[in-house]
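In case you want the letters, here they are:
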Amino acid sequence: MKTGLKKGCACLLAVTMIVSLYACGKQEQKEELDTKNITFREEMIEMEKLPGNISGIVVENEKAYVSTFEREKDKEDSGVKQHLFEVALDGSAQKEITLPEGHDKATLQQFCLSDNGSIYYVESFYDETSDTLQNYLTAIDGDGNILYQQELNKIVEKYSDSYVSGMAYDEKNGLLLLTSNACYVIDDKGSVKNTIHQAGAYLAGLVEGRDGNFYCGVEKTEAEGMVEVKQIQAESGNLTGEHPLNISYVVNDNFLLKSDDYDFYYADEAGIKGYDLTNNQIEPVMDFVASDILDGYNICYMGDHVFLGTSQTGEDSRLAKFVKVDPSEIENKEVITLGAMYLEDSIKKEILDFNRTNDTYRIVYKDYSSSENPITKMNVDILSGNVPDILCLSDLPVELYAAKGLLEDLTPYMEKDEEIKKEDFLEPVLNAVTTDGKLYYMAASFDILTVMGAADVVGTDTGWTFGDLKKLAADKDEDTKIFLDNTKNDLLENFISYGYNDFVDWEKGSCSFDSEEFKDLLEICNMGDENSAKEQGSQSTEEDSTYVSEIKNGKTLLVHGMLMSMSEYQSYRMLFGKEVNCIGFPCEDKKGSYFYMNDSVGIYSKSKVKDGAWEFIRTLLTKEYQGKNYTSFFAGMPTRKDCFSMFEKAQTTTKEYADEFGNEIVPVEYVVDMYSGEIVSGKPVSEEDVAAFHSLLENTTKVIGLDDAIIDIVMGEAAGYFAGDKSLDETAEIIQNRASTYVNEIK
């Protein structure tokens, strides 16, 4: 979570305007998203299946060059075998290009071709002898003969700190090799002719524009802003021009595509856009959801308004063309708009399945991630009446939306549903997301955010107040820290970002930032360091190397715990080397552990397709959906009781088995390198750890909120107190007045 005065003010202004105009009954002006003109259909290319899974596609010289990786099974020393094929665009002919031997188990990162058929690629493999990851740049001719081969970290400056994010061959200047922090111009002997650095940015994507010049994407890393495309001046060693794209981050390293209608195409979460450099105009070309495409990672332009990509079925991938559909052929259905700042692949897949099978409704995805400030953009849409029918509410001020009547109560829909009932869900989760008996949103999975400490230090109670923490902090040794990130601002941001709702009553429009509890919070934060360890000159690696020892010897009292599984509780216990207590963030009611609801969804209260919106939302709440997805690494824990039981069984099992949905379950086993040189091994979760986790679950009663305006008010005004310019009481009074004004303005 980022806090910044500019961002906070924008959020404050947008929310204030929204609520005031919404309360005045502003007339709805629903914006219809028409995707018929940007819908494509998948057409399989009839050809012999390539071995393994497709990992990369390049169209050059009217042919497709396809890399695949094949997992070798039933071998004592199994690994990955890399292939490269030349394929006719109609699938009528294919041949494997023989890659030079010598690097077993190598993986191809990137590859490109020159006009004369030479192939350039970067491969990585693990060298067991030196215990290092080796990276090579290799050039071969069309028959597989080596033209040159260079170890990348010998020719590319600081290569160990980056990786290859793009490759292209410039017939005039040579090979252009893009890493995450620089572009290198390499001659025909493999030597670097020129290096182009870009400070404060991540570089990704290389494309030859329609004008014959080469361009790359520049994502800012040291400041918020939109991704730009700049021209590569290979001879002078510069990146020139500023061509802003309508995205705030790069979706994948191959997101820039050739085009013959535009200067180039680019891909974002929602689809493919065409870009005109003359006037920096952007036009939608392909919508992924409307075209039944899960993502555009392997898509490239084939020519004649046709794209080439992969068709994925389970673990099997095949080459396919994507051809534009005549709008007259598309069946008319009622449109449901779904607005989100980010969607997991599991939900994208559910949207595609819904659109394929539902005879009445069709979901159109409104991607807010393409905005410089997605929250503000969504709020502006609410202001103008262009509210999506389904809102993905993660990281949004849900309490505010609910209090203002923007969200539909889902309870009546569950009561009418023959399959989905409130009783199906874990009671602590259901209670936490219920407001005054109404269920304004729900999610398929959750995490728990808490604070952990050694039980012999923080005690065994299930919660504490800031007064309790103040006493503990006052008694600690001078060189003992509360958290590893222990500056005054770090402490305040952590405490207030997750717990600001404890000082705000949105229904009453009141605040308690002048309470003794909040003053205790400020006093604790004022005990923190003036500067971070990094600002004082120590290296992050040094911080990492001391992290475990500081916790084990009691020099760091507390750690933040984001628990996505029971086994993570186990790993934190191993981190401390003793029994731990998930005591939570301090707060007045001593209930300081929070649910984070993954991909929470709600229905806009004035939507005209509420029944259709529920038809989709309910699919995320079924046993089938949660049962199929609970094994995904970042899925979190299922909200359904039956699926949570399946999840718990998978966490505790000591034997392999297949569950009722075909998920292959293996006993928990992992190794954690604690940076200090200590290696700890994870194993199936014990009964004791299960009991401890259930205790945490039962004592978690709140959901993490988000309101950057409140956070910015607190952070901004506390700076004077930390600097000694204002007293504690004066600071609390100012924060109370400003926060109360804000809350009442939007009440």
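Described below are features of the structure shown in this document. (Residues numbered from 1 in each chain as written. Predicted model: local features only at pLDDT ≥ 70, side-chain atom pairs only at ≥ 80, totals over all residues. Heavy atoms only, no water.)

**Comments concerning the state of the cysteines**
Simply put, the disulfide is a covalent bond whose two ends are the sulfur atoms of two cysteines.
No. 1: All told, the structure shown has zero disulfides when counted by the stated rule.
No. 2: Among the cysteines around Cys-183, which has no disulfide bond, Cys-216 carries the closest sulfur, lying 6.2 Å off.
No. 3: For Cys-183, a relative accessible area of 0% puts it in the buried group. (Disulfide = S-S within 2.5 Å. Buried < 20%, exposed > 50% of the residue type's maximum accessible area, 1.4 Å probe, protein only.)

**Notes on the sheet that holds strand β11 (residues 174-179)**
No. 1: The strand order across the open sheet formed by four strands is β10-β11-β12-β13, and the pairing between neighbours is antiparallel. The sheet is open, and its two edges are formed by β10 (164-170) and β13 (192-197), each paired on a single side. Averaged over all pairs of adjacent strands, the angle between strand axes in this sheet comes to 15 degrees, irrespective of strand direction. (Pairing = 2+ DSSP bridges. Helix = DSSP H or I, 4+ residues; strand = E, 2+ residues; numbered from the N terminus. Axes fitted to C-alpha atoms, helices over the stretch in contact; angles between N-to-C directions.)

**Regarding the nonpolar core**
No. 1: In terms of nonpolar packing, the biggest core is built from 88 residues, with Leu-338, Phe-446, Phe-595, Met-597, Trp-614, Phe-616 and Phe-644 touching the most fellow members.
No. 2: In terms of residue count, the dominant contributor to this core is helix α13 (residues 566-576) (five residues).
No. 3: In contact with Phe-595, not counting residues within four places along its chain, are Pro-428, Val-429, Ala-432, Phe-446, Asp-447, Ile-448, Leu-697, Thr-700, Thr-701, Lys-702, Val-703 and Ile-704. (Core = buried A, V, L, I, M, F, W, Y, C linked by side-chain atoms within 4.5 Å. Contact = heavy atoms within 4.5 Å.)

**Structural notes on the packing of helix α11 (residues 516-526) against helix α19 (residues 728-745)**
Working note: a packed helix pair is described by the angle between its axes plus the distance between those axes.
No. 1: Following both chains from N to C, one finds α11 and α19 inclined at 120 degrees, their axes separated by 10 Å at the closest point. With respect to their mutual orientation, α11 and α19 come out oblique. In this structure, the crossing between α11 and α19 has a hand that is right-handed. Contacts from Phe-518, Lys-519, Leu-522 and Glu-523 of α11 reach α19 at Leu-728, Asp-729, Thr-731, Ala-732 and Ile-735.
No. 2: Taken together, the residues of the contact of α11 with α19 break down into five nonpolar, one polar and three charged. (Parallel < 35°, antiparallel > 145°, perpendicular 65-115°, else oblique. Left-handed = near helix turned anticlockwise from the far one by under 90°. Nonpolar A, V, L, I, M, F, W, Y, C, P; charged D, E, K, R; others polar.)

**What about the sheet that holds strand β36 (residues 601-603)?**
No. 1: Taken together, four strands build an open sheet; the order of strands is β26-β25-β27-β36 and the sheet is mixed. With partners counted over all chains shown, the strands left at the sheet margins are β26 (361-367) and β36, one partner each. Along the sheet, successive strands turn relative to each other by an average axial angle of 25 degrees, direction set aside.
No. 2: Against the sheet, helix α3 (residues 345-357) engages β25 (334-340) and β26, with an angle of about 150 degrees to β26.
No. 3: Along the sheet, helix α14 (residues 610-617) contacts β25, β26, β27 (390-392) and β36; its crossing angle with β36, the most-contacted strand, is approximately 165 degrees.

**Structural notes on the environment of Asn-246**
No. 1: With respect to the helices, strands and loops of the structure, Asn-246 is situated in the loop between β17 (238-244) and β18 (256-257).
No. 2: Among the residues examined, Asn-246 registers a relative accessible area of 38% and is labelled partly exposed.

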